[in-house]
Amino acid sequence: MVGNKDHPNGSVRVKLANEDTPTLALDPKDESEGGRSGLGTETPPRGKCSTCLGKLSTAIVAGLENAFYRLGKLVARNPWKFMLACLVTCSVAGAGLMLWHEETEYVKVWLPRGSRMYDEHQWVVQNFPESIRYEAVIIEDENVLSPRSINAIYDLYISAQNFDIVNNSSLEELCIKTGPFCRVNSILELWAYNETIIRSLSDGDILRAVNQPKIISPLYRNELNIDKILGDISRDNSSNIVAARATSMFWYLRKNESTELEAADWEHKLIDLMNVQGHEDLESLYIYTARTFDDEAMGALSSDVNLLSIGFSLVFIYLSFSIGKYSWVEQKIWLAFSGLLSIGLAIIFTYGIGFATGIMFGPIHQILPFMLLGIGVDDMFVIMESLRQLSPQERSLPVEERVGLMLKHAGVSITVTSVTDIVAFAIGGSTVIPSLSTFCLYAAIGVFALYILQTTYFVACVTLDERRIDSRRNACIICYKHPPDYKEWKHYNYSLQHEFMRRFWGPLLTKKPMKVFVIAVAIGLSALNIWSFIQLKHDFDPSMYLPSDSYSQRYVKADRKFFPDDGAFVQMYCDEMNYEDNLDNLRTLYEKVKSTPTVQSSTVDFWLASFLQWQNTSASMSFVPTMTDSSAIKNGSMAGNLDGSNTNISLGGKDTDALKAQYAVQMGNDSKSPLTDTSFGQNFLSKLLYFMTTNNGRVYWRYLKFDNMKQPTRIMASVLTFRHVKCTTSVCNIAAMEDMRELVDNYRFIGGGRCFVYSHPQYMFNETNKVLKLELYRNLALAAVCVFVVTLILIANFWASILVFVCVVFTVVDVAGTMQFWDISIDTASSVLLILCFGLAVDYSAHVGHTFMTHTGSRNERTKKTLVHIGPAVFSGGFSTFLAFLLLVNSISYGFTLFFRIFTTVVIFGLFHGLVFLPVILSILGPDPYDTNFLSPLDTDPTNKELNVDYELYVHRTNDDKLIHWTEMQPLKQNGNANGDIFNSDFPPIQNGDLCNTVGHVPYEESNNVNGHHQNPRVISS
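What counts and how
- Residues numbered from 1 in each chain as written.
- Predicted model: local features only at pLDDT ≥ 70, side-chain atom pairs only at ≥ 80, totals over all residues.
- Heavy atoms only, no water.
- Helix = DSSP H or I, 4+ residues; strand = E, 2+ residues; numbered from the N terminus.
- Buried < 20%, exposed > 50% of the residue type's maximum accessible area, 1.4 Å probe, protein only.
- Areas by Shrake-Rupley, 256 points an atom, 1.4 Å probe, with all protein chains shown as cover.
- Core = buried A, V, L, I, M, F, W, Y, C linked by side-chain atoms within 4.5 Å.
- Contact = heavy atoms within 4.5 Å.
- Polar contact = N/O pair within 3.5 Å; in protein donor to acceptor, adjacent residues only side chain to side chain.
- Axes fitted to C-alpha atoms, helices over the stretch in contact; angles between N-to-C directions.
- Parallel < 35°, antiparallel > 145°, perpendicular 65-115°, else oblique.
- Left-handed = near helix turned anticlockwise from the far one by under 90°.
- Pairing = 2+ DSSP bridges.
- Phe/Tyr/Trp six-rings, centres within 6.5 Å; stacked < 30°, edge-to-face > 60°.
- Lys NZ or Arg CZ within 6 Å of the ring centre and 35° of its normal.
- Expected span 1.5 Å × (residues − 1).
- Disulfide = S-S within 2.5 Å.
- Patch = residues over 30% accessible without salt bridge, like charges linked within 9 Å, V, L, I, M, F, W, Y side chains within 5 Å.
- Salt bridge = Lys/Arg side-chain N within 4 Å of Asp/Glu carboxyl O.
- Nonpolar A, V, L, I, M, F, W, Y, C, P; charged D, E, K, R; others polar.
- pLDDT = per-residue confidence, 0-100.

## What about the overall build of the protein chain?
Moving on, step 1. The helix and strand inventory of the protein chain stands at 32 helices and 22 strands.
Moving on, step 2. Put simply, the protein chain has 1022 residues, and 59% of those count as buried.
Moving on, step 3. Carbon and sulfur atoms provide 57% of the accessible area of the protein chain, an area that totals close to 40,400 Å².

In C-alpha cells, the structure reads:
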C-alpha cells in the first residue's frame, strides 16, 4: 500500500495497491477551536454564495454551527448543572399533569369548529337533556318463535329483573317505568310478560300473535313494528311469518349521577348473564350496554399499553448495543437509558404544558409518546454518529472539545428535521377539527422539548459517558475502574451496519442496473399508491375501535346481520313559535319528511299527527280553555331520550280519568265543534293536554316542552322523530343529512320560528366526515410546503431540497396508498397518523440529503460516503421506531392496530426512499457540494485526486501516546487496481491481509517526528 505523506490535519489514508505492508500518513497538526471535522461531517457552507438564498442560508447555518459548538462546550463544562436544570424545568412543567382531564365528549373532541351543530347541540341539551341508559340484547336461535325459545327468553327476563345490586338497590329503583312496570321492549310484550300465558304458549299461539295486522302493546299501548323486533324472518307464500332467527330485547335505565354506581353494577350482572351464564336452550346471546364502549375500548388500550412498555424495552436493548461497542468500557448501556429518559422528560414537559395552558387532551393524544420516541431516538443516533465520525485529531482532544465538535456537526442536521416538524405541526394546529388541531399543538410542543433536551440533557449525559470512558470505568459498574493495561478484545469495534454500508450497500446502489431497478420500483410504487389513495374510502365507524374479539364487536356484527335496515335515528326539533297558527305548516312539513326517499316513512313519529288522528275519532267532546296543574300528568318522568323506542311515561299512579275530567266537558249548545274547527282557536292547548292524558297521547310528554307545568300557556319546543334508510358509507350518510337539512331549513313559519334536524351521534360523524378529507388534504399540503421551505433554507441548495422534498412526498403517498390495501379508511385517527408521517418521513430523507452536500468527489463517491456516514443512524432510527410497535401486530384494539400498520409502512417506505431511492437519485442528479473551503481536506486536497484511495482509517492516540489505535475505516473512492476483492473479504480479517476491520496497535518511531509532524509511521502487525 502507498500512503499520502503530507496529508493535512492528521487523517490517515490507505491505498490498496499491493500486498505489501501498508504505509500510513499522519499529520497531527492541531486544529483551531471550532475547526473542521473529519470525513463524513455535516458541515454546511460558510463561504460566499452567489445567491440571496445562499447568503441567507450561510448566515443561518454558520450561526447555528457556531452556536452549537459553543453550546456543546458549555454543556460539557457544566453537565450536572444542565441535567439538573432540565430535570427542574420538566418537573415544574409536569405539575400541569395535576390538571389531567381526558375529554371524551364527541362534540368537543371531533365536531369541527364553526359547525352549526355546536349551537344545535347546546339547544338540545338545554331543552331535551338525555336521561336514559340503554341496554340492548340480541337473542339468536334456530327459531326464536318456538315455545322453547320464548320460555328461555322469559327466563333471561326474570333473571335480569331480580339481580342483587350493590347498596341493596333493585331494577325497580333504576328503570324507566310505564305505569307500575319497568320499560322493557321485546317479543314478550305481546303477552304482557305474563308468566302463566307465556309458559302455556303453543307454536300456533305465537304465530297468530306475530301475524296480527296491527299489533298494539298491551302494556304500553303503542303500536309495535314486528319487523324491528324480529330478525332474519322467514315467511310463507302468503307473507305470513313462520319463523325468525333472532329477536331483540331492550331495557331502559334512568341516567342519574346519584344512581350511577348501581346502574353500572346492574349492567355488569346483565353482561355476565348473557356472556358467561347464557341459556342452554338458546344458541347465542349478544349484548351492548351503556358501559360497554368504555369498558371494552379502554380495556383494550390498557392491555396494549403494556405491550408498548415491552416495546420500549426492546428499543432500550437495541440502543444499548447499537450506540456502544462490544467492550466492558465503551458499552453505553447507561447512556441509552439516559437517552430514553430524555424522551420521557419531553413527554412530561409536553403534557404538563398542554394541561397547564388548557389545550384539550383527547383519546387520540395517547399515541403522542410513541411519535416522540421515534423522533427522539432518531436524534440520539444522529448525535452518536457524529461522535463516532470525529476525526483522529478530534478524538484526541479533551472531552469539552470533543463534545463541542460533536454537537456542532449534529446540531444542524437535528435542526433541519426538528424545525420542519415543529412548523408543520404548528400549522396543523389551525385545522378546524379540535382533536386533530390540539394533537398537532401537543406534537409541536413535544418536538420542541425533544430538540432542547437532546441538545442539552442528552449531550450532558454523553459528556459524562466520555469522561467515564477516558477514565476506563466499567460500562455497567461505573465504580469499577479497569487497570491501565486493560485491552479490548480483537473485534470490539466491529459495526455490522457500517460494514454493510461500506462493503455492500454503497457499491451496489451505484451500479447502473441497480439504479434503473430502484428508480423503476420507486416510480411503480408511487403510481400504484396514487391510484390506491384515490380509491380510499372516506368513512368513520366508531365500532371499529371496539376490540376485535370482544362481546361488543360480536353484538355489532349480529345487529348488522339480523337488523340491517335500521338507519340513523334523527329528531326534527322546532323551537318556540306560534304553534296554533302553524299547525297546517307543521302538518305539511311532516308529510314532506315522510315522503323523503332517505327516510323510512313507517318510522316517522310526530305528536301533531297523532293528535289530529285522535281528534278525528273524538268529535263528541269539547273543551274549556281553563288551565289547571298539568305537572301531575308529567310526574317528573317526562325527561326521556328520543331514541325511537316509544318509551311511554309513567303517570305515577294518578287517576287518569280524573285528569281528563279537568279538561273535558260535554258539548253544550255550541253550533260548531271545536274539534272540527281546523284552526282550533284558543282551546288548542287544552285539547292537546287532554290528548296527552290518553293512552295514545301520554307517550308524547317527552316530545313537547311547555313554558311551565303548573299552568302551561304555550309550547316552547317540540320534536318529530324518524329513521333514515340504511347507509353503509359516509358519502350516503352525508347526502341523507344534507337532503333533510335542505328541506327543513328552507321551511318558513308564520310569525317566525325554526325547525332543524339533529342526530347524535350520526350527524356529528357526518359533520366531521364532511370536512375531514378537505382538512386532511389541506394539512398535508401545508406540511409539504413547510418541509420544502425549511429544508431549502437549512440545506441551502434548491436542487437538494427538491430531491428531499420529492422523497418525503413519495413516502407519504406510499403510506396513504397502502392504507387502502390494509383496509383502512380515511377517518379521524388515520388522518392524525398521516399528518405524523411527514414528521417521521422528513427524518429519513433530510439527513441523507444534507450529508450528501458535505462531500466532494464524483456523485457515486459522494453517495457512498453519505451512506457510510449517515446511513447507520438513519436505519437505526427507523428500526428502533419499528421495534417500539412490533408487539402491536396482533393487537385487539383497532386504534393500536391502525397505529402499527401506518407506522410500519412509514418506517418501510421512509427507509426505502431515504436509504435506497434518494441515494440513487443523488448519484445521478445530485447537486454540487458546498463551498470546498469548508469541507474536509480529505475531499479537497488536490493530491488526493491522483490517488485511487479505497479507505480512510480513523485513528486516535492511546494513553501511552506511542500507539495509534485503529478504530474506523470509511470508503472513499473505488480502487480499480486493487488486488483484493473488497466484497469477498473474510471476517474476521486476515492479519496484515485485508486491512478493513483490522484492529491492532500501531507503534511509530519517534525519529519520524520531524518539526512536530509525524510522517509515514510504519505499520506493524499485531
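Next comes the rest of the account.
## Some words on the nonpolar core
Moving on, step 1. Grouped together as the largest cluster of nonpolar side chains are 211 residues, with contacts concentrated most on Trp607, Leu688, Phe706 and Ile902.
Moving on, step 2. With 19 residues, the single largest contributor to this core is helix H31 (residues 894–925).
Moving on, step 3. If sequence neighbours within four positions are ignored, Phe706 has contacts with Leu685, Leu688, Leu689, Met692, Trp701, Pro712, Arg714, Ile715 and Met716.

## Side note on the environment of Thr415
Moving on, step 1. Of note, Thr415 is situated in helix H15 (residues 399–428).
Moving on, step 2. Put simply, Thr415 and Thr791 are 376 residues apart on the chain and 9.8 Å apart in space, counted from C-alpha to C-alpha.
Moving on, step 3. Look past the residues within four positions of Thr415 in its chain and what remains in contact with it is Leu64, Phe68, Thr420, Tyr451 and Leu794.
Moving on, step 4. At 2.7 Å, the side chain of Thr415 and the side chain of Tyr451 are in polar contact.

## With respect to unusual backbone geometry
Moving on, step 1. The peptide bond linking His760 to Pro761 adopts the cis configuration, its omega dihedral lying at 15°.
Moving on, step 2. Looking at the secondary structure, you find Pro761 in the loop between strand S17 (755–758) and helix H27 (762–795).
Moving on, step 3. Its identity as a non-glycine residue notwithstanding, Asn168 has a phi of 55°, on the positive side.
Moving on, step 4. Among the structural elements, Asn168 can be located in the loop between helix H5 (147–161) and helix H6 (171–174).

## Some points on the packing of helix H12 (residues 333–356) against helix H13 (residues 368–388)
Moving on, step 1. Here H12 crosses H13 at 140°, and the two axes come no closer than 10 Å. Judged by the inter-axis angle, H12 sits oblique to H13. Judged by the twist between their axes, the crossing of H12 over H13 is right-handed. Every residue of H13 that contacts H12 at Leu335, Ala336, Gly339, Leu340, Ile343, Ile347, Thr350 and Tyr351 is listed here: Leu368, Pro369, Leu372, Leu373, Gly376, Val377, Met380 and Met384.

## Quick notes on the pairing of strand S8 (residues 230–235)
Moving on, step 1. As judged from the five bridges shared by S8 and strand S9 (residues 241–254), these two strands associate in the antiparallel manner. For Ile233, the partnering residue across the bridge sits in S9 and is Ala244.
Moving on, step 2. Between S8 and S9, which pair antiparallel and follow one another directly, the connecting turn spans five residues, one of which, Ser239, has a positive phi of 65°.

## Things to note about the packing of aromatic side chains
Moving on, step 1. Scanning the model with the defined rule gives 48 aromatic pairs in all.
Moving on, step 2. The interplanar angle of 85° and the centroid separation of 5.9 Å between the aromatic rings of Tyr134 and Tyr252 together place this pair among those described as edge-to-face. Remark: Tyr252 occurs in strand S9 and Tyr134 occurs in strand S2 (residues 132–140); sequence separation between them is 118 residues.
Moving on, step 3. Owing to a relative accessible area of 2%, Tyr252 belongs among the buried residues under this scheme.
Moving on, step 4. By the ring-pair criterion, three or more aromatic residues cluster together here, those being Phe611, Trp614, Phe684, Tyr690, Phe691, Tyr700 and Tyr703.
Moving on, step 5. The residue whose ring lies beneath Arg862 is Phe852, and the NZ or CZ to ring-centre distance is 3.9 Å.

## So, helix H20 (residues 551–562)
Moving on, step 1. Taking 1.5 Å per residue, 12 residues should reach 16 Å; H20 reaches 16 Å between its end C-alpha atoms and fits that length.
Moving on, step 2. Residues of H20 that are buried include every one of Tyr551, Ser552, Gln553, Tyr555, Val556, Ala558 and Phe562, and no others.

## Observations regarding the state of the cysteines
Moving on, step 1. A full pass over the atoms with the stated rule returns three disulfides.
Moving on, step 2. The side chain of Cys175 participates in a disulfide bridge whose partner is Cys182; the two sulfur atoms lie 1.9 Å from each other. The sign of the -70° torsion about the S-S bond sets the Cys175-Cys182 disulfide as left-handed.
Moving on, step 3. For Cys727, the disulfide goes to Cys732, at an S-S distance of 2.1 Å. Taking the sign of the torsion about the S-S bond as the criterion, the disulfide between Cys727 and Cys732, at about -45°, is left-handed.
Moving on, step 4. Assigning the bonded cysteines of the protein chain consecutive numbers by sequence position, one obtains the connectivity 1-2, 3-6, 4-5.

## Examining the pairing of S9
Moving on, step 1. Taking burial as the measure, the 14 residues of S9 include 10 buried ones, the bulk of the element.
Moving on, step 2. The pairing of S2 with S9 spans nine bridges and is antiparallel. Directly across from Ile139, in S9, lies its bridge partner Thr247.
Moving on, step 3. For strand S5 (residues 184–185) and S9, the ladder comprises two bridges, and the chain directions are antiparallel. Within S9, the residue paired with Asn185 across the bridge is Phe250.

## Looking at a nonpolar patch on the surface
Moving on, step 1. A surface patch of nonpolar side chains, amounting to about 370 Å² of accessible area, comprises Trp334, Phe337, Leu341 and Ile478.
Moving on, step 2. Position of Phe337 relative to the elements: it lies in helix H12.
Moving on, step 3. Of the residues examined, Phe337 reaches a relative accessible area of 42% and is grouped as partly exposed.

## Things to note about helix H28 (residues 798–821)
Moving on, step 1. Along its 24 residues, H28 runs 35 Å from first to last C-alpha, staying within 8% of the 34 Å computed at 1.5 Å per residue.
Moving on, step 2. Here H28 starts with a cap whose side-chain oxygen sits 3.1 Å from the backbone nitrogen of Trp799, and that cap is Asn797.

## A few points about the pattern of salt bridges
Moving on, step 1. All told, the structure shown has 33 salt bridges when counted by the stated rule.
Moving on, step 2. With a closest N to O distance of 2.9 Å, Asp465 and Arg468 form a salt bridge. With Asp465 and Arg468 both in helix H17 (residues 457–470) and three residues apart, the pair spans about one turn of that helix. Like Arg468, Asp465 is buried.
Moving on, step 3. A salt bridge links Glu767 to Arg741; the nearest nitrogen and oxygen atoms lie 2.6 Å apart. In this pair, Glu767 sits in helix H27 while Arg741 sits in helix H26 (residues 730–745), placing the two residues 26 residues apart along the sequence. By the burial criterion, Glu767 is buried, and Arg741 matches it.
Moving on, step 4. Ionic contacts of the salt-bridge type, sharing partners, join the residues Lys332, Arg395, Arg402, Asp465, Glu466, Arg468 and Asp470 into one network.

## A look at the packing of helix H21 (residues 583–595) against helix H22 (residues 607–616)
Moving on, step 1. Packing of H21 against H22 brings their axes to within 9 Å, and their N-to-C directions diverge by 110°. The orientation of H21 relative to H22 falls into the category roughly perpendicular. In this structure, H21 uses Leu583, Leu586, Arg587 and Tyr590 to contact H22, whose residues at the interface are Leu608, Ala609 and Leu612.
Moving on, step 2. Across the contact of H21 with H22, the residue classes break down as six nonpolar, no polar and one charged.

## Some thoughts on the environment of Pro712
Moving on, step 1. Inspection of the secondary structure puts Pro712 in the loop between strand S15 (704–706) and strand S16 (715–724).
Moving on, step 2. Separated by 23 residues in the primary sequence, Pro712 and Leu689 have C-alpha atoms spaced 9.2 Å apart.

## A closer look at the confidence of the model for the protein chain
One rule of thumb: low pLDDT means the predicted coordinates there are not for detailed reading.
Moving on, step 1. Per-chain confidence: the protein chain averages 77 in pLDDT, with 77% of residues scoring 70 or above.
Moving on, step 2. The low-confidence segment residues 1–50, where pLDDT is below 50, has 180 contacts with residues more than four positions distant or belonging to other chains.

## Side note on the environment of Gln366
Moving on, step 1. Within the secondary structure, Gln366 is located in the loop between H12 and H13.
Moving on, step 2. Gln366 sits in the partly exposed class, given a relative accessible area of 22%.
Moving on, step 3. The sequence separation of Gln366 and Phe439 amounts to 73 residues, and the corresponding C-alpha distance is 9.5 Å.

## Digging into the side chain of Asp265
Moving on, step 1. Position of Asp265 among the secondary structure elements: in helix H10 (residues 260–277).
Moving on, step 2. Beyond its immediate stretch of four places on either side in the chain, Asp265 contacts Asp164, Ile165, Val166 and Arg291.

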